[in-house]
Amino acid sequence: MSDLLSIYKGVHFKELPTPSFVINERKFNENCIMMLENVEELRSATGKNVKFRAHIKTHKTAKGTFKQLGVGLVNNPTDSILISTVKEAQGLLDYEDKTGKDYVKDICFSLPACIPEYLESLVALSKMVDHLRIFVDCKEHLDNLVKFGRPQETKKWSVFLKIDMGTRRAGVVCHSKEFRQTLSRLSDPEVLEVVQLYGIYAHAGHSYSLTSIIDSHKLLMDEIQAVNEAAVEIKKQLESLDVSKLVLSVGATPTSNSLRIRDEPLLIDFVQNKLIGTLEIHCGNYCLYDLQQLSTGCIKDYEIAGFVLGSVVSHYEERNEILTNTGVMALTRETSKYKGHGVCVKANEVLDSKPYNIDWYVDRVSQEHGILKPCEGSTTEHFALGTKIAILPQHACIVMAQFPYYFVVDDNGMVTDVWLPFQKW
Ligand SMILES: Cc1ncc(COP(=O)(O)O)c(C=O)c1O
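Along each chain, residue indices are assigned from 1 in the same order as the chain's sequence is written. Given that the model is predicted, a residue must reach a pLDDT of at least 70 before its local features are reported, and side-chain atom pairs must reach 80 or more before they are shown or counted; all residues, however, enter totals for whole chains, interfaces and linings. Only hydrogens and water are removed before side-chain values are computed, so all heavy atoms of the structure are retained for them.

1. Digging into the site of the ligand
Quick note on the threshold: Nearness is judged by heavy atoms alone; a residue qualifies as near a molecule or strand once a single heavy atom is within 4 Å of it. N or O atoms within 3.5 Å of each other form a polar contact, as long as, within protein, one can give a hydrogen and the other can take it, and as long as residues adjacent in sequence are counted only when both atoms are side-chain atoms. To be clear on the numbers: accessible area is Shrake-Rupley with a 1.4 Å probe, and residue cover counts the displayed protein chains and nothing else. Points on a 1 Å grid over protein atoms alone make up a cavity when a 1.4 Å probe fits among them but cannot get out, and a pocket when they form an open set with protein on both sides within 12 Å along at least five of seven lines; lining residues each have an atom within 4 Å of a point. Criterion for pocket placement: a molecule counts as inside a cavity or pocket if more than half of its atoms are within 2 Å of its grid points.
Taken together, 13 residues form the shell around the ligand, and within it R169, Y201, Y208, T253 and G284 come nearest. With respect to the ligand, the side chain of K57 contributes an N or O atom lying 3.2 Å from an oxygen atom. The contact in question runs from a nitrogen atom of the ligand to an N or O atom on the side chain of Y201, over 2.6 Å. Taken by itself the ligand offers 390 Å² of open surface, and the protein chains cover 94% of this. Given that more than half its atoms are within 2 Å of the pocket grid, the ligand belongs to the largest pocket.

Listed below in structure tokens is the structure:
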């Protein structure tokens, strides 16, 4: 990475090789600060401790993670993250070790995967960090933890019970037979010997299909009510457990973004008077954003902090189309309510903080080819061959995973850093 930085530092992004992934550091910082401020605002409006946990899956980099925690950006940074792969945590902790930093104290693995293959590497991870949390969403996970034993002699597995409140991806449904079975197993002495229930976790992944901040806010309330309802059930079935100590963790970028609506009386009342444990907000994509987030109506296009830089390589006047070098390998086939696989912003506008003029979108992709079409109603000129274009991705998490490193640029468009992600498994 230092080699890349010595080559590219101070180079304008329009001179970078394409395709590349470029991050505007100011926008990334602002996105991180805004989310932390929203949570801080809820804390002060409710007078309650509201925690924050940043998912690092979108960029998987150490420097991006520190910004999500608020290091150097806010007065009281947080120290808690979520990871989607064990490798993300290993890379991050190694980086901290090498650079003498110690910001991350609490890591939660966000795949409910209590199977021997994972438990081995999670044990290693638990020795590298103060607190490791894992997800459990079925009785067999608890059976496996019992068979495996404690991660360390002096430490039990610190567990979030993952509930499904509508996404139907992972998690157990509250009140279901499986939920009761899992709770009943949780109260077995042999389970209590190795497991400590830390909290309840819900993730409204289905919030990505919403189209307004009001609806996102309603879903945030549903998430909070869902974890609280699960806590009520736990209180009934595990009488010896002090449920007031549970952490009730909720969020996805759209539902967390709905905290932009400040001073919302229903939310404040619920947190102050009805919530059983401590509320935790978690989210990840918000540091970058993308067209899928724009579709939720919670953000503005110019808040999107990262883009794919591509080049115009040919044009076809008779069908009014342009060929770029940003195919499926660079943009993926992700979609949203915005047409195609990305929209084009002129390179000299993409660092602005005012609404973009969008004339072209990526209509089709094959492996290395991207085909641009003009947006409806736009009477736009073709770009000259070789023109650099900025493409806003449909889904930043998946698109960024296609790139081996990210160029970080300042407001003048100059490269200030290169971030290296801890990718794959
Ligand atoms: C379990 C879990 N929690 C939190 C997140 C973060 O969601 P978002 O990127 O919408 O903030 C994800 C993302 O997929 C997830 O899988």
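2. Regarding the state of the cysteines
For the record, the criterion: Note on terminology: pairs of cysteine sulfur atoms within 2.5 Å are recorded as disulfides. When a residue's accessible area, from a 1.4 Å probe over protein chains only, is under 20% of the maximum for its type it is buried; when over 50% it is exposed; and in between it is partly exposed.
One pass over the full model with this rule turns up zero disulfides. The thiol of C108 is not disulfide-bonded; the next cysteine sulfur, from C114, is found 11 Å away. Distance from the sulfur of C174, which forms no disulfide, to the nearest cysteine sulfur (C138) is 16 Å. Owing to a relative accessible area of 14%, C174 belongs among the buried residues under this scheme.

3. Things to note about the pairing of strand β2 (residues 50-55)
Note on strand geometry: in a regular strand, side chains alternate between the two faces of the sheet. Threshold: A helix here means a DSSP run of H or I that spans at least four residues, while a strand means a run of E at least two residues long, and both kinds are numbered starting from the N terminus. In short, DSSP must find at least two bridges between two strands for them to pair. Orienting the strands away from the viewer, one traces the path from the first strand over the helix to the second; a clockwise path indicates a right-handed crossover.
Across the six residues that make up β2, a large majority, five, are buried. As defined by bridge partners, β2 adjoins strand β9 (residues 278-283) across five bridges and the pair is classed as parallel. If you follow R53 over to β9, its bridge partner there is H282. For the crossover from β2 across helix α3 (residues 62-69) to strand β3 (residues 80-83), the handedness is right-handed.

4. Thoughts on the nonpolar core
As a reminder of what qualifies: To form a nonpolar core, buried Ala, Val, Leu, Ile, Met, Phe, Trp, Tyr and Cys residues must be joined to one another through side-chain atoms within 4.5 Å. What marks off one domain from the next here is an automatic or database domain assignment.
F13, L145, W157 and I163 are the most contacted members of the largest nonpolar core, which totals 130 residues. Counting residues per element, this core draws most heavily on helix α9 (residues 213-237), at nine residues. Residue contributions to this core reach at least three from each of two domains, namely domain 1 (26-288) and domain 2 (293-402). With seven residues, the next largest nonpolar core counts L82, F160, Y201 and V247 among its residues.

5. Considerations on helix α7 (residues 177-186)
Defined as follows: Arc definition: directions from the helix axis to the C-beta atoms. In this analysis, two residues are considered to be in contact whenever any of their non-hydrogen atoms come within 4.5 Å of each other.
By the burial criterion, the buried members of α7 are F179, T182, L183, R185 and L186. All buried residues of α7 lie within an arc of 160° about the axis, which places them on one face of the element. In this fold, the buried residues of α7 make contact with β5 (131-136), α6 (139-148), β6 (157-163), α8 (189-192), β7 (195-202) and α9.

6. Section: the domain arrangement of the protein chain
How large an interface is tends to be reported as the accessible area lost when its parts come together. The cut-off we apply is this: Any carboxyl oxygen of Asp or Glu within 4 Å of a side-chain nitrogen of Lys or Arg constitutes a salt bridge here. Just so you know the grouping, Ala, Val, Leu, Ile, Met, Phe, Trp, Tyr, Cys and Pro go in nonpolar, Asp, Glu, Lys and Arg go in charged, and all remaining residues, Gly too, go in polar.
Partitioning the protein chain into domains gives domain 1 (26-288) and domain 2 (293-402). Computed from C-alpha atoms alone, the centre-to-centre distance between domain 1 and domain 2 is 34 Å. Taken together, the links from domain 1 to domain 2 amount to one salt bridge. Residue R260 is joined to E303 by a salt bridge in which the shortest nitrogen-to-oxygen separation is 2.8 Å. At the boundary of domain 1 with domain 2, the tally comes to 12 residue pairs in polar contact (both at pLDDT 80 or more). Broken down by element, the side of domain 1 that touches domain 2 gets its largest block of residues, five residues, from helix α2 (residues 25-46). When its residues are assigned to classes, the side of domain 1 that touches domain 2 shows eight nonpolar, 10 polar and four charged.

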